[in-house]
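Chain residues, written in single-letter form:
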Amino acid sequence: MKNPHLYHEIFEPETVALAPRFADRAMMITREGEIRVYGCRPHEHEDGRKSAFFVMLRSADNGLSYTMEEVGPDDPGARGASPWSGDYFTMLSFLDEAGSSGHCRESHVPGAAQLKKGITGTWLYRSQGGPDGPWEAVKISDHVIHLQRLPLPLKKWRRWINAGQRRMPEDNRIHPVILLGDADGKNWTETVLPAPPVFELCYPHKGMRWLDPGVEPVVAETPSGRLVMLLRTSKDVHYQCHSDDGGITWSEMTPSPFYAPWAPRDGTFSATSNSPRLCPSSSPDCALPRPTAWWARSSASGWVASAVSAST
């Protein structure tokens, strides 16, 4: 049976809702097809105090319209469903007893209330009763791990995987971290991988950059079962590696074909219309060739567009 909402005609961008948080970890879809986006709304009290309350946007028509409702402090936010048991899973990494976490430093994600004290570390939330709980929270690591995505169920390997990052004391650099969950998320292991090389100032580059090389790793499973990881770096391109044994071992980090945008401290960008690459317009360190294109420069005063032609 065709879903009539999929054929809704939209001829120009149409605002349907204002997301309360980035969609990287806050958006989900239930097994019944409902779209949910979790986050918080700021609130200023009459006496001037500022706080926030946790909310959920939900859509039953494939994202064409949303309603917003407040959620309780024990709700862990967006989660994914197991293709094997039907249980719902998510992870949160908490830094202290105040409820801040490596990924959500401003407590935009609820879930800390039920843990009370001694919560530092990474926790797995699991519900056997559907997307609305009740939830069981189990610590799977004593480390605070910045989690870039929700846990991913691997079809070929019948295990869960999540990629994150940790700053390691040995070199004071951020390294990619792999969390693997077997037995449908009952047994977890943590592996810290080597970081990609740090940016070094050399020709044709003319300026320094930030020096954390292996941040925000994400993992995808290919149809063959190979796992591919992509990491953001301060070099000219993102780095990549792969695993052919379900995430247990990984290949050496190598440059990927994807450009790696980065920002100067003044927040000014320039971008060509036929390229995904962003290049800091205020920095002389833009060594890669650019095609003839329209480009736009963004700064605090807004966007400015003009036509440019790169030399060949």
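Look up a bit, the structure's there.
Definitions and limits used
- Residues numbered from 1 in each chain as written.
- Predicted model: local features only at pLDDT ≥ 70, side-chain atom pairs only at ≥ 80, totals over all residues.
- Heavy atoms only, no water.
- Pairing = 2+ DSSP bridges.
- Helix = DSSP H or I, 4+ residues; strand = E, 2+ residues; numbered from the N terminus.
- Axes fitted to C-alpha atoms, helices over the stretch in contact; angles between N-to-C directions.
- Phe/Tyr/Trp six-rings, centres within 6.5 Å; stacked < 30°, edge-to-face > 60°.
- Buried < 20%, exposed > 50% of the residue type's maximum accessible area, 1.4 Å probe, protein only.

Moving on: the sheet that holds strand β1 (residues 27-29). On the basis of which strands lie adjacent, the open sheet formed by 4 strands has the order β1-β2-β3-β4 and antiparallel pairing. Each edge of the open sheet carries a strand with a single partner, namely β1 and β4 (67-70). This sheet shows a mean twist of 35 degrees between the axes of neighbouring strands, independent of strand direction. Examined bridge by bridge, strand β3 (residues 50-59) and β4 share 4 bridges and lie antiparallel to one another. The residue of β4 that forms the bridge with Val 55 is Glu 70.

Applying the stated criterion across every chain yields a total of 2 aromatic pairs. Here the aromatic rings of Trp 84 and Trp 160 are separated by 6.2 Å at their centres, their planes lie at 90 degrees, and the arrangement is edge-to-face. With a gap of 76 residues between them, Trp 84 in the loop between β5 (80-81) and β6 (88-94) and Trp 160 in strand β11 (residues 159-168) connect regions that are remote in the sequence. Residue Trp 84 is classed as partly exposed on the basis of its relative accessible area of 24%. Look at Phe 89 and Trp 160: their rings are 4.5 Å apart centre to centre, the planes differ by 40 degrees, and that puts the pair in the tilted class. Of this pair, Phe 89 sits in strand β6 while Trp 160 sits in strand β11, placing them 71 residues apart in sequence. Residues Phe 89 and Trp 160 agree in their burial class; the two are buried. A network of ring pairs unites the aromatic residues Trp 84, Phe 89 and Trp 160 as a single cluster.

Our next topic: unusual backbone geometry. Apart from glycine, the bulk of residues carry a negative phi angle, and the bulk of peptide bonds sit in the trans form. Residue Gly 133 is joined to Pro 134 through a cis peptide bond whose omega torsion reads 5 degrees. With respect to the secondary-structure elements, Pro 134 resides in the loop between β7 (121-127) and β8 (136-141). Here the phi dihedral of Arg 158 falls at roughly 50 degrees; this positive angle occurs in a residue that is not glycine. By the secondary structure assignment, Arg 158 is in the loop between β10 (152-154) and β11. Looking at Arg 158, the relative accessible area reads 52%, which means it is exposed. In this model, Asn 172 sits at a positive phi of 55 degrees, which is unusual for a non-glycine residue. Relative to the elements of secondary structure, Asn 172 occurs in the loop between β11 and β12 (173-182).

Across the sheet, which stays open at both edges, the 4 strands sit in the order β5-β6-β7-β8 with antiparallel pairing between neighbours. Unpaired on one side and paired on the other, β5 and β8 mark the two borders of the sheet. Two elements, β7 and β8, share 5 bridges in a ladder whose sense is antiparallel. Residue pairing in the sheet places Thr 122 in a bridge with Ser 141 of β8.

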